[in-house]
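# Fold and contact review
Each chain is listed here by its residues.
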Amino acid sequence: MDRQPIIIAHRGASGYLPEHTLEAKALAYAMGADFIEQDIVLTADDVPIVVHDIHLDTVTDVSKVFPDRCRADGRFYAADLTLSEVKQLRVIERIHHNTQHPVFPQRFPVGASRFEVATLAEEIELIQGLNKSTGRSIGIYPEIKNPKWHRVQEKDISRIVLNLLSDYGYRRSSDNVYLQCFDPRETQRICCDLKSELKLIQLIGENSWGGGDVDYEDFRTQAGLQKIAAFACGIGPHLGHVVSGKVHGELVITDLVSTAHRCSLEVHPYTFRADDLPEYATSLDDLLEIFLEKIGVEGVFTDFPDRAAKFLMDSMS
Ligand code: CA
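Report follows, based on the coordinates. It should be emphasised that the depicted structure is a prediction, and the values quoted were computed from it without experimental measurement.

### Topic: the nonpolar core
Core analysis: the biggest nonpolar cluster contains 66 residues, and L165, I228, I235 and F291 have the highest contact counts within it. If you tally residues by element for this core, the top one is helix 12 (residues 284-295), at seven residues. Once residues lying within four places of it in the same chain are set aside, the contact partners of L165 are L120, I124, I140, P142, Y170, L179 and L198. Listed in part, the 20 residues of the second largest apolar core include V41, F76, Y77 and F115.

Structure representation (C-alpha cells):
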C-alpha cells in the first residue's frame, strides 16, 4: 500500500475518557485520528444512539435511574428506553457486568464528572462541525450492532442508519465513511439489497463469541475472503487472527493479511491498546511496528489515537 495507514479511534479516545462520549470523540479528533468510530444501537423510539452494546448497564447508571426496567435476564436494553429516557442517564467508564469492577482500572475513574449518551446525529454534527472549524476532513466509522437482534425487536437498524447517514451527506464510496458489521449476511444485505454505495468493512469475530450462526473460520479462508470481496472493501479482524503468537522468539504471522490483499481487501485489525497488549508485544509501539511496518495493514483500531499518530509521525521522520 502506498497510502499512509489510517488511525481509527476505537470508541473515541477511549483509553482516556469514557467510551463513545462526545468528549472522547473530540479528544480523538484533537489527537489526530483519521476516522472516529461509532457503535450504533436503536432506542425504543428508533433513534440511533452511540453505545457499544444492546445493554446499557456496563456503561451507564441505568440500573439506578430506571431500576424496574430490566428484562427477565436482569439486563437493561437500549431498545426498552426512549431517547428522552436514555438522555437522563450518566455515562460511566466501562465496568464488568458481574463484578461491577472497571474493565480497565488505570483509565478514567468510574462515575466521575458528567457524560451523556450521544445520538449518532449529534456525533456526526460534532465531527462535521470540527471539520468545518479546523479545515480538516476526518471520517466516521459506524458499526451496525446486532442487526439480527434488532430485527427480533422489529427494528431494521441498517435501513434507519443508512437513511441518517444519507441525510448527513454520506452516500457514496468516495464519502469519508466506512460502515462496518460483524454479521456478513447484513453487510451483504447493505450492499446488495439496500444498494448502499458506502465503503463496507466485514468484521471478523471468533465462532466462540456467541451468536454461533456465523462461521468466521470459513470467512478467513481464501474462498471466504473472496466472498467478502464481492460486497466489502475490507475486513476488520482480531489481532489474534493476524499474529497467533511467538514460537522460539519468532512471531507466527498467519496468511490472513496476504490472502486478503490478494482479494483486494483492506485490513483494519482491532484493538490496539497500551493497557491490554498481546503477550508477544513489549509495548504499544512494538505492536504498531509489527502490524504497520512488518505486516503492512491499512488501518488500526486503537483506544490510544495519540500514540498511533506519534508512531506514524516518528516512522516518517
Ligand atoms: Ca465497534
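### With respect to the layout of surface pockets
For the largest pocket, the calculated volume is near 1,100 Å³. At the level of elements, strand 2 (35-42), strand 4 (139-144), helix 5 (147-152) and strand 5 (178-181) are the ones that each hand at least two residues to the lining of the largest pocket. Per element, the largest residue contribution to the lining of the largest pocket is three residues, and it comes from helix 5.

### A word on the coordination of the calcium ion
The calcium ion binds to the protein through E37 (OE), D39 (OD) and E143 (OE); the donor distances cover 2.2 to 2.3 Å. Each donor residue of the calcium ion lies on the same chain, and together they follow the pattern E-x1-D-x103-E. Its relative accessible area of 1% is what places D39 among the buried residues.

### Some remarks on empty space enclosed by the protein
The tally for this structure, following the rule as stated, stands at two cavities of 30 Å³ or more. The space that makes up the largest cavity amounts to roughly 70 Å³. If you trace the largest cavity, you find it lined by R11, S14, E19, E93, R94, F104, R107, R273 and D303. Broken down by class, the residue content of the lining of the largest cavity amounts to one nonpolar, one polar and seven charged. Of the residues assigned to the lining of the second largest cavity, the class counts are six nonpolar, three polar and one charged.

### What to know about helix 13 (residues 305-316)
End to end, helix 13 covers 17 Å across twelve residues, agreeing with the expected 16 Å (1.5 Å per residue, within 8%). Within the span of helix 13, buried status applies to P305, A308, A309, F311 and L312. Buried residues along helix 13 cover an arc of 160 degrees about the axis, so they all sit on one side. Turned more than 90 degrees away from the buried face of helix 13 sit K310 and M313, all of them exposed.

### What about the pairing of strand 6 (residues 199-203)?
Counting buried positions along strand 6 gives five out of five residues, so the element sits mostly inside the fold. Here strand 6 shows no split at all, with K199, I201 and L203 on one side and L200 and Q202 on the other all buried. Two elements, strand 5 and strand 6, share four bridges in a ladder whose sense is parallel. Bridging across to strand 6, Q180 finds its partner in I201. Relative to strand 7 (residues 234-236), strand 6 runs parallel, the two sharing three bridges. Considered in strand 7, the bridge of L203 is made with G236.

About the criteria used
Residues numbered from 1 in each chain as written. Predicted model: local features only at pLDDT ≥ 70, side-chain atom pairs only at ≥ 80, totals over all residues. Heavy atoms only, no water. Core = buried A, V, L, I, M, F, W, Y, C linked by side-chain atoms within 4.5 Å. Buried < 20%, exposed > 50% of the residue type's maximum accessible area, 1.4 Å probe, protein only. Helix = DSSP H or I, 4+ residues; strand = E, 2+ residues; numbered from the N terminus. Contact = heavy atoms within 4.5 Å. 1 Å grid on protein atoms, 1.4 Å probe; cavity = no way out; pocket = protein on both sides within 12 Å on 5 of 7 lines; lining within 4 Å. Points joined across faces, edges and corners; volume = space filled by probe spheres on them. Donors = N, O, S within 2.8 Å, 3.2 Å for Na, K, Ca; no water. Nonpolar A, V, L, I, M, F, W, Y, C, P; charged D, E, K, R; others polar. Expected span 1.5 Å × (residues − 1). Arc of directions from axis to C-beta. Pairing = 2+ DSSP bridges.

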